Amino acid sequence: MGEAVELEAGGRTVRLSNPAKIFFPERGFTKLDLAQYYVAVGPGILRALRNRPTTLERYPDGVTGEWFFQKRAPKNMPDWIPTAHITFPSGRSADEMCPTEEAAVLWAAQYGTLTFHPWPVRRDDVDRPDELRIDLDPQPGTDFDDAVRAAHELRAVLDEFGGLRGWPKTSGGRGLHVFVPIEPRWTFTQVRRAAIAVGRELERRMPQQVTIKWWKEERGERIFIDYNQTARDRTIASAYSVRPRPHAPVSAPLRWEEVGVAHPQDFDIATMPARFAELGDVHADMDDHRFSLDALLELANKDERDHGLGDLPYPPEYPKMPGEPKRVQPSRAKKEPDGTD
């Protein structure tokens, strides 16, 4: 697999072993190709990860081999990569790596990391998110074009409720993500409540195209607004992350004028470096902004007060949360004698 090589990122040298190991057989991309990709987009992915507790999605033998999520910082992690102490919904806790320089990304690639999953918080305050992340997830029977239509309406919703601005990116699959930088004033529970309000408003405007139903049997052929991606310990692949699919796609930051023109297949580890060299990080100004959730939280209060629309189910591994409705699939819910759930 070749002798080890040394690569430089941000002024630091990182050793890469087995550079010729095939990581993407369909395209012939090697471990070295992966590492060089991350060097090429270094400033962009560091902007997305900087000071954020980050889970690593590792494929030590390439995309066709065994893989795992690494939440706890590896024991062999160099001391120049800091960590943050985070708490999971179970009450357990761990120290996660927090990249502060481009070489940290390269170091993780050395150990087979394809995808980086940053928390929506910074290490100086791990309990108050500074991003509202909206996940537009196409369900069976829908595709990326349907997600595009929902994203444009989402843009209008965000602007209407508090003058919020979102930064869109491809998921690396069929979906779209829209990230809104926010003031770190609210808890995970409050940010999730704001995401539910966004989803419900979008569902009202596009009832045949969008759903916020948690249970798959109720979603139909619509775009699902996955509000639970804002719950504690739920993360979304970062901008520029490589996704574990045969053609080595990446999660590509977009400008709004590109949403509906660009396609996920346009962006992979072979094509993104040239785009980055030409345009730079098209989300570079994201950290210059901080928006308020006050208008969305007021919308959530109005939904509950006027329409009886309260909380929605959490994922199955979460403890039962205050105010959460019954967490049972509707078709399996036992009926009471009077016919009610």
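Keep in mind that what you see is a predicted model, and the values were worked out from it rather than measured.

Undergrad: Explain the nonpolar core to me, and be specific about the residues and the numbers.
TA: Among the nonpolar cores identified, the biggest contains 89 residues, and Tyr-38 and Leu-293 are the most heavily contacted of them. For this core, the leading source of residues is helix α4 (residues 144-160), giving eight residues. Domain assignment of the residues forming this core places at least three in each of domain 1 (5-126 + 240-244) and domain 2 (131-234 + 289-307). The next biggest cluster of nonpolar side chains, apart from the first, holds nine residues, and it includes Ala-84, Ile-86, Trp-119 and Val-126.

Undergrad: Before we move on, could you go through the confidence of the model for the chain and cite the residues and values that matter?
TA: Per-residue confidence for the chain gives a mean pLDDT of 95; residues scoring 70 or more make up 97%. Taken together, the stretch residues 336-341 has pLDDT below 50 and engages in seven contacts with residues farther than four places along the chain or on a different chain.

Undergrad: Before we move on, could you go through the packing of aromatic side chains and cite the residues and values that matter?
TA: Evaluated as defined, the whole model comprises eleven aromatic pairs. Aromatic ring contacts, followed pair by pair, group Tyr-37, Tyr-38 and Phe-116 into a single cluster. The cationic tip of Arg-219 hangs over the ring face of Trp-214; the distance from NZ or CZ to the ring centre is 6.0 Å. When the ring centre of Phe-224 is taken as reference, the NZ or CZ atom of Arg-219 above it lies at 3.7 Å.

Calculation notes
Residues numbered from 1 in each chain as written. Predicted model: local features only at pLDDT ≥ 70, side-chain atom pairs only at ≥ 80, totals over all residues. Heavy atoms only, no water. Core = buried A, V, L, I, M, F, W, Y, C linked by side-chain atoms within 4.5 Å. Buried < 20%, exposed > 50% of the residue type's maximum accessible area, 1.4 Å probe, protein only. Helix = DSSP H or I, 4+ residues; strand = E, 2+ residues; numbered from the N terminus. Domains from an automatic or database assignment. pLDDT = per-residue confidence, 0-100. Contact = heavy atoms within 4.5 Å. Phe/Tyr/Trp six-rings, centres within 6.5 Å; stacked < 30°, edge-to-face > 60°. Lys NZ or Arg CZ within 6 Å of the ring centre and 35° of its normal.

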